Amino acid sequence: MRRIFAFFTGLWLLVTPAMAQDADAIEGVIGSQLQAFNDRDVAAAWQYASPNIKRLFGNPGNFGMMVQQGYPMVWDNADVRFLELREVSGRLWQKIMIRDAAGGLHVLDYQMVETSEGWQINGVQLLPPPDVGA
């Protein structure tokens, strides 16, 4: 029993620093893309998209139009707060809370993939707002 506990404790100690490094890198990628959208530098924002996203949209112009129309809180973003990073079915998902230009809060989930170029964004989901009790 002690060997099993020691094994899992050792495994946890090895994985925790790696997850922390991944979290820092992932936050950097998402934050850089959000800044690129605020700067209206769609070509720079495009560089943080995964190969799948690039195949889907074909070019930075199409990608930028999709973000502007489908994710206005990302296009005009402010006050980003990184929430939990978690693994779901072998994929890493980074949840963020973001304030839009009008001051509204939104929760988004970013699917991340590690490529030869580092971490890249493989998709974004707008999550329902959390229930707030009265």
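Going by the structure above, here's the rest.
These remarks concern the structure in this document. If you're wondering where the values come from, they're calculated on a predicted model, not measured in any experiment. (Residues numbered from 1 in each chain as written. Predicted model: local features only at pLDDT ≥ 70, side-chain atom pairs only at ≥ 80, totals over all residues. Heavy atoms only, no water.)

On to the overall build of the protein, then. When helices and strands are tallied, the protein shows 5 helices and 4 strands. The N-to-C order of helical and strand elements in the protein reads α-α-α-α-α-β-β-β-β. Evaluated residue by residue, the protein yields a buried proportion of 34% over its 134 residues. Accessible surface computed for the protein: about 8300 Å², of which carbon and sulfur atoms make up 58%. (Helix = DSSP H or I, 4+ residues; strand = E, 2+ residues; numbered from the N terminus. Buried < 20%, exposed > 50% of the residue type's maximum accessible area, 1.4 Å probe, protein only. Areas by Shrake-Rupley, 256 points an atom, 1.4 Å probe, with all protein chains shown as cover.)

With that settled, the discussion passes to the packing of aromatic side chains. A complete count under the given rule lists 4 aromatic pairs for this structure. Ring geometry for Phe-37 versus Phe-63: centroids 5.9 Å apart, planes at 40 degrees, classification tilted. Of this pair, Phe-37 sits in helix H1 (residues 2-38) while Phe-63 sits in helix H4 (residues 60-70); the two residues are 26 residues apart in sequence, bridging distant segments of the chain. A residue is classified by how much of its surface remains accessible, and Phe-37, at 1% relative accessible area, is buried. (Phe/Tyr/Trp six-rings, centres within 6.5 Å; stacked < 30°, edge-to-face > 60°.)

With that settled, the discussion passes to the pattern of salt bridges. A side chain with one charge can pair with a side chain of the opposite charge if their charged atoms come near. All chains considered together, the criterion is met by 4 salt bridges. The salt bridge involving Asp-76 is made with Arg-40; its shortest N-O contact spans 2.4 Å. Pair noted here: Asp-76 is in the loop between helix H5 (72-75) and strand E1 (77-88) and Arg-40 is in the loop between H1 and helix H2 (42-46), with a separation of 36 residues, a long-range link. For Arg-86, the salt bridge is made with Asp-109, and the minimal N-O distance between the two is 2.4 Å. (Salt bridge = Lys/Arg side-chain N within 4 Å of Asp/Glu carboxyl O.)

Attention now moves to H4. The set of residues buried in H4 consists of Phe-63, Gly-64 and Val-67. What you see down the axis of H4 is that its buried residues fit within an arc of 95 degrees, all on one side. A side-chain oxygen of the first residue of H4 lies 3.0 Å from the backbone nitrogen of Gly-61; this N-cap is Asn-59. (Arc of directions from axis to C-beta. Polar contact = N/O pair within 3.5 Å; in protein donor to acceptor, adjacent residues only side chain to side chain.)

Time to look at the sheet that holds strand E3 (residues 105-115). Two strands in a sheet stick together by hydrogen bonds in their backbones, pointing the same way (parallel) or opposite ways (antiparallel). Read from one edge to the other, the open sheet built from 4 strands follows the order E1-E2-E3-E4, with strand pairing classed as antiparallel. Sheet topology places E1 and strand E4 (118-127) at the edges, where each strand pairs with a single neighbour. Neighbour to neighbour, the strand axes of the sheet diverge by 30 degrees on average, direction disregarded. Both E1 and strand E2 (residues 91-100) contribute to a ladder of 8 bridges, which runs antiparallel. Each residue of the ladder has a partner; that of Asn-77, found in E2, is Asp-100. (Pairing = 2+ DSSP bridges. Axes fitted to C-alpha atoms, helices over the stretch in contact; angles between N-to-C directions.)

Any link to function would need more than the numbers given here.
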